[in-house]
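Examining the three-dimensional arrangement
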Amino acid sequence: EVIVGANLFRDIFASITDLVGGRSGQYEQVLARARTEAIEEMTEQARQLGGNAVVGVDIDYEVLGSNSSMLMVSVSGTAVTI
């Protein structure tokens, strides 16, 4: 799992995007970075277990915190040797 915080400026720009429509590039960047880090951590754990590949990968996203200011990306899979 990787948990990242969304800062005030991103929240402000995301709110504006919500009002006028379109994509929130700031949040997309944060999610992409968190997803990449979570996949890298899963890959490293698979290597430590002796695997050289991961199958059945599942990626989940959650919002955490009292004001939903934290984003969590969970990645899981099965380490295998090919």
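Above: the structure in question.
So, a few notes on the structure that sits alongside this text. (Residues numbered from 1 in each chain as written. Predicted model: local features only at pLDDT ≥ 70, side-chain atom pairs only at ≥ 80, totals over all residues. Heavy atoms only, no water.)

Remarks on the pattern of salt bridges
Taken as a whole and assessed by the stated rule, the structure comprises two salt bridges. Measuring nitrogen to oxygen at the nearest pair gives 3.4 Å for the salt bridge that ties Arg 33 to Glu 37. Here the residue Arg 33 and the residue Glu 37 both occupy positions in helix 2 (residues 25-48), the gap between them amounting to four residues, near one helical turn. You can call Arg 33 partly exposed: its relative accessible area is 42%. Note that Glu 44 and Arg 47 form a salt bridge whose closest N and O atoms lie 3.5 Å from each other. A residue pair is termed a helical-turn pair when its members lie 3 or 4 positions apart in one helix, as Glu 44 and Arg 47 do in helix 2 at three residues. Relative accessible area serves as the criterion here: at 53%, Arg 47 is assigned to the exposed category. (Salt bridge = Lys/Arg side-chain N within 4 Å of Asp/Glu carboxyl O. Helix = DSSP H or I, 4+ residues; strand = E, 2+ residues; numbered from the N terminus. Buried < 20%, exposed > 50% of the residue type's maximum accessible area, 1.4 Å probe, protein only.)

Topic: the environment of Ala 32
Topologically, Ala 32 is positioned in helix 2. With relative accessibility at 26%, the residue Ala 32 sits in the partly exposed group. For the pair Ala 32 and Val 73, spaced 41 residues apart in the sequence, the C-alpha separation amounts to 9.7 Å.

A few points about the pairing of strand 1 (residues 2-5)
Residues Val 2 and Val 4 point to one face of strand 1 and are all buried, whereas Ile 3 and Gly 5, pointing to the other face, are not buried. Across four bridges, the pairing between strand 1 and strand 3 (residues 70-80) is antiparallel. Pairing of Ile 3 across the sheet is with Met 72, part of strand 3. (Pairing = 2+ DSSP bridges.)

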